[in-house]
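Descriptive structure summary
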Amino acid sequence: MADALTVLKERRSCRSFDGRPVEEDKLNKILEAGMYAPTGMGRQSPVMVAVTDSDTVAELSKMNAEIMGTDGDPFYGASTVIIVLADKNIGTHVYDGALVMGNLMNAAEALGVQSCWIHRAKEEFDSPKGKAMLKKWGIEGDYEGIGHCVLGYGEKVPAKPRKENYIYRV
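Just so we're clear, the structure is a prediction, and the values are computed from it rather than from any experiment.

1. Considering the nonpolar core
Residues Ile83 and Val150 are the most contacted members of the largest nonpolar core, which totals 21 residues. Counting residues per element, the ones that place at least two in this core are β1 (46-51), α3 (54-68), β2 (80-87), β3 (114-118), α5 (121-126), α6 (128-136) and β4 (143-152). Leu27, Ile30, Ile82 and Val113 belong to the second-largest nonpolar core, a separate cluster that totals 20 residues.

2. Let's talk about helix α4 (residues 93-110)
The terminal C-alpha atoms of α4 lie 26 Å apart, and with 18 residues this matches the ideal 26 Å at 1.5 Å per residue to within 8%. At its buried positions, α4 is contacted by α1 (4-10), α2 (24-35), β1, β2, β3 and β4. In the stretch just after α4, Gly112 is the one whose phi turns positive, near 80°.

3. Observations regarding the pairing of β4
Along β4, ten of the ten residues are buried, which leaves the element largely enclosed by surrounding structure. When β3 meets β4, the two strands line up antiparallel, connected through five bridges. Across the sheet, residue Ser115 finds its bridge partner in β4, namely Leu151.

Conventions we followed
Residues numbered from 1 in each chain as written. Predicted model: local features only at pLDDT ≥ 70, side-chain atom pairs only at ≥ 80, totals over all residues. Heavy atoms only, no water. Core = buried A, V, L, I, M, F, W, Y, C linked by side-chain atoms within 4.5 Å. Buried < 20%, exposed > 50% of the residue type's maximum accessible area, 1.4 Å probe, protein only. Helix = DSSP H or I, 4+ residues; strand = E, 2+ residues; numbered from the N terminus. Expected span 1.5 Å × (residues − 1). Contact = heavy atoms within 4.5 Å. Pairing = 2+ DSSP bridges.

Next comes the structure, spelled out in structure tokens:
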């Protein structure tokens, strides 16, 4: 496994997956990393839904594309989707969920799995269809969709140089 700084420097979003599934042991480690993301006052407002069923991935992709106003695949052919939701009643829920997303993507990179953050989870799970999905999955509460972490294998994009004036020291 790569050291933390190397992972942070080399992780990039994949936008061309080949459809190969993520191995169960790697998926479990990625999910475990998400569980250990910092949250406001340790309240752990997020939950994660790991979706590996191809029909459900396709249904989520179609919902997401409709929100975006396209008929393409916004998940870029990824085989696995981790949906991050967070409890709207906790003031830090969006930030908490964003930290979970970061941990998921960085853990994936460390394990040789490509990832990408796909937006529009808020709109998906605010919809009647999205709420019905959560109910079907046994997820109760007042959750807001934070993001989809799509995972799989595919094109590895090289890192771009960092911009000038990224850091100011005072």
